[in-house]
Amino acid sequence: MIRQVWLALRGVLIDRARLNALYPIALGAIMSERYGGSGDQWRAAYQQIVTDWDSYYADLDLGGDDGIADLWEGLFRTTRALFRLTATLEPSHSDLIAFSRELPALVYRDCPSHYPDVPLILNGLSERGITVGICADQPEAHARALIGPFDGPIIGVDTLERAIQDSIYFQRLALHSDPAVTLIIHDQARVLAAAKRVGFAVFHFVDRPLEALWQRLNGDSPANR
């Protein structure tokens, strides 16, 4: 019997497309207020960074032993690039490091992008006596800012000291939740395969299949066992 459910954030509770549309707008407003210039200038710089995103991470290995350090380094590089591309004087090195780790959370607070059925999902799980948590593919502070008010536990990649959601991530999650009674709900098959290798029950959440989810929890469907 499932007693604990860990939900992915983006793709299950958060609409990725809406978040991606809102993020540059919110970022532009925050940067303009803090450092001057127009929101349009900051948004244009961010879009340029996104276009060239892989180059900022080319020599970083998020799946390696130093993946979390590389994650922070990637955030530092992309944040610093905002100042370079807008010809804006950047903060001191230490202040820029701190700001690069804080910025996504600041932006997420201004990006309301929850799917409309989120209350149905959370209430439906609660009514079944299931403990609900979020296993995020991002740092915990960023996940908390993105989800907003949430009473359950939130585990981020920095919580587990693993920058990607692979088998090692789920091995460490198993220290917080018994795989034998735990269901992972995610929208990415690759992540679910990693969770399944560790022994977790999984549910591939695509196209908002609430009825299929309730059947899975009620034991009416053998899918994804």
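Up top you'll find the structure we're talking about.
None of these values were measured; they are calculated from a predicted model.

A. Main features of the packing of aromatic side chains. Tallied over the entire structure, the rule returns 9 aromatic pairs. Judged by centre distance (5.6 Å) and plane angle (70 degrees), the ring pair of tyrosine 35 and phenylalanine 99 falls under edge-to-face. Remark: phenylalanine 99 occurs in helix H5 (residues 93-108) and tyrosine 35 occurs in helix H1 (residues 16-35); sequence separation between them is 64 residues. Between tryptophan 53 and tyrosine 57 the ring centres are 5.6 Å apart and the planes differ by 20 degrees, which places this aromatic pair in the stacked class. In this pair, tryptophan 53 and tyrosine 57 both sit in helix H3 (residues 53-57), 4 residues apart, roughly one turn of the helix.

B. Structural context of the pattern of salt bridges. Applying the stated criterion across every chain, the model contains 9 salt bridges. For glutamate 90, the salt bridge goes to arginine 80, with nearest N and O atoms at 3.2 Å. You can see glutamate 90 sitting in the loop between helix H4 (67-85) and H5 and its partner arginine 80 sitting in helix H4, a full 10 residues away along the chain. Residue aspartate 117 pairs with arginine 208 through a salt bridge whose shortest N-O separation is 2.8 Å. Here the residue aspartate 117 occupies a position in the loop between H5 and helix H6 (118-127), and arginine 208 occupies one in the loop between strand S5 (201-204) and helix H11 (210-217), the gap between them amounting to 91 residues. Exposure remark for aspartate 117: the relative accessible area of 12% places this residue in the buried category. A residue is classified by how much of its surface remains accessible, and arginine 208, at 24% relative accessible area, is partly exposed.

C. Main features of the sheet that holds strand S4 (residues 182-186). Reading across the sheet, the 5 strands line up as S3-S2-S1-S4-S5 and stay open at both edges, with parallel pairing between neighbours. Every other strand in the sheet has two partners, leaving strand S3 (154-155) and S5 as the edge strands with one partner each. Pairing of strand S2 (residues 131-135) with S3, which is carried by 2 bridges, proceeds in the parallel orientation. What sits directly across from isoleucine 134, in S3, is isoleucine 154. Lying over the sheet, H6 contacts strand S1 (4-7) and S2, oriented at roughly 165 degrees with respect to S1. Against the sheet, H11 makes contact with S1, S4 and S5, and its axis sits at roughly 165 degrees relative to S5, the strand it touches most.

D. The environment of phenylalanine 99, seen in detail. Classification of phenylalanine 99 as buried rests on a relative accessible area of 4%. Each C-alpha atom, one on phenylalanine 99 and one on tyrosine 56, is 18 Å from the other, the two residues being 43 residues apart in sequence.

Cut-offs and rules
- Residues numbered from 1 in each chain as written.
- Predicted model: local features only at pLDDT ≥ 70, side-chain atom pairs only at ≥ 80, totals over all residues.
- Heavy atoms only, no water.
- Phe/Tyr/Trp six-rings, centres within 6.5 Å; stacked < 30°, edge-to-face > 60°.
- Helix = DSSP H or I, 4+ residues; strand = E, 2+ residues; numbered from the N terminus.
- Salt bridge = Lys/Arg side-chain N within 4 Å of Asp/Glu carboxyl O.
- Buried < 20%, exposed > 50% of the residue type's maximum accessible area, 1.4 Å probe, protein only.
- Pairing = 2+ DSSP bridges.
- Contact = heavy atoms within 4.5 Å.
- Axes fitted to C-alpha atoms, helices over the stretch in contact; angles between N-to-C directions.

Geometric values such as these leave the question of function open.
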